[in-house]
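Chain by chain, the residues run as shown.
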Amino acid sequence: MIAYLKGIVAAKTNESLIVVNNDLGFEVAVPVSLWRKAVLHAPIEFFTHEYIREDSRELYGFATLGELQFFRKLLTVSGVGPRSALNLFSLGTLPEIQTAIAGGNIAYLTAIPRVGTKIAQKIVLELK
């Protein structure tokens, strides 16, 4: 499992970064905030989660270990996949997201594409 990655940003795609490490390019899906901060041809490092299915292999990157751990907690909620969990980080900082969940703010969570009221309620119920 790839748990940490450090390299140079070779390219930026719509929702991910291509990071080169030892002549290998890794496509890493990252939160919007991290994507915006990434500078082409500059060093970058992530804590990563490798998601493997029979038809794909995806890598998700986070600036802090706390974000990675929270991402993994979100994946334990039935109906929340890695893309929805990653999109949650576009709503704000980790403390803001955690506060919204602890406060039961369903409207805040439904601002995420593909997250309706039912999934938002599950997130609040299971992670509160």
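Because the structure is predicted, anything quoted here is derived from the model rather than measured.

(A) Representation of the overall build of the protein in the model. In terms of helices and strands, the protein carries six helices and five strands. Each helix (α) and strand (β) of the protein, taken in turn from the N terminus, gives the series β-β-β-α-β-β-α-α-α-α-α. Since a compact globule built from 128 residues should have a radius of gyration of about 14 Å, the 15 Å found for the protein is in line with a globular shape. By principal-axis analysis of the C-alpha atoms, the protein measures approximately 45 × 30 × 25 Å. Considering the protein as a whole, with its 128 residues, one finds that 38% of them fall into the buried category.

(B) Representation of the nonpolar core within the structure. By size, the foremost hydrophobic cluster in this structure holds 23 residues, and its most contacted members are F70, L74, F89 and I123. Of all the secondary structure elements, the ones that give two or more residues to this core are β5 (56-62), α2 (65-75), α3 (82-88), α4 (94-102) and α6 (117-127). L74 has contacts with V80, A85, L88, F89, I123 and L127, leaving out every residue within four places of it along the chain. Grouped together as the second largest cluster of nonpolar side chains are twelve residues, V9, L17, L34 and L59 included.

(C) Spatial organisation of the side chain of S16. With respect to the helices, strands and loops of the structure, S16 is situated in strand β2 (residues 16-21). A polar atom in the side chain of S16 sits 2.9 Å from the side chain of E27.

(D) Quick look at α6. By the burial criterion, the buried members of α6 are I119, A120, I123 and V124. On an axial view of α6, the arc spanned by its buried residues comes to 140°, and they lie on one face. Among the exposed residues of α6, those pointing more than 90 degrees away from its buried face are K118 and L125. On its buried face, α6 sits against α2, α4 and α5 (106-109).

(E) Molecular detail of the pattern of salt bridges. A full pass over the atoms with the stated rule returns three salt bridges. Here D55 and R53 are joined by a salt bridge, their closest N and O atoms 3.4 Å apart. Owing to a relative accessible area of 40%, R53 belongs among the partly exposed residues under this scheme.

About the criteria used
Here, residues in each chain are numbered from 1, in the same order as that chain's written sequence. The predicted origin of the model limits local features to residues at a pLDDT of at least 70 and limits the giving and counting of side-chain atom pairs to 80 or more, whereas totals for whole chains, interfaces and linings rest on all residues. Excluded from the side-chain calculations are hydrogens and water; all other atoms, namely the structure's heavy atoms, are used. To qualify as a helix, a DSSP run of H or I must reach at least 4 residues; to qualify as a strand, a run of E must reach at least 2; elements of each kind are numbered from the N terminus. We compute the radius of gyration from the C-alpha atoms alone; for a globule the expected value is 2.2 Å times N to the 0.38, where N is the number of residues. When a residue's accessible area, from a 1.4 Å probe over protein chains only, is under 20% of the maximum for its type it is buried; when over 50% it is exposed; and in between it is partly exposed. Buried Ala, Val, Leu, Ile, Met, Phe, Trp, Tyr and Cys residues form a nonpolar core when they are joined through side-chain atoms within 4.5 Å. Here, two residues are considered to be in contact whenever any of their heavy atoms come within 4.5 Å of each other. Pairing of N or O atoms within 3.5 Å defines a polar contact, subject to two protein rules: one partner must be a possible hydrogen donor and the other a possible acceptor, and residues neighboring in sequence count only if both atoms are side-chain atoms. The arc in question is traced by the directions running from the helix axis to the C-beta atoms. Within this document, salt bridges are pairs made up of a side-chain nitrogen of Lys or Arg and a carboxyl oxygen of Asp or Glu, the two lying within 4 Å of each other.

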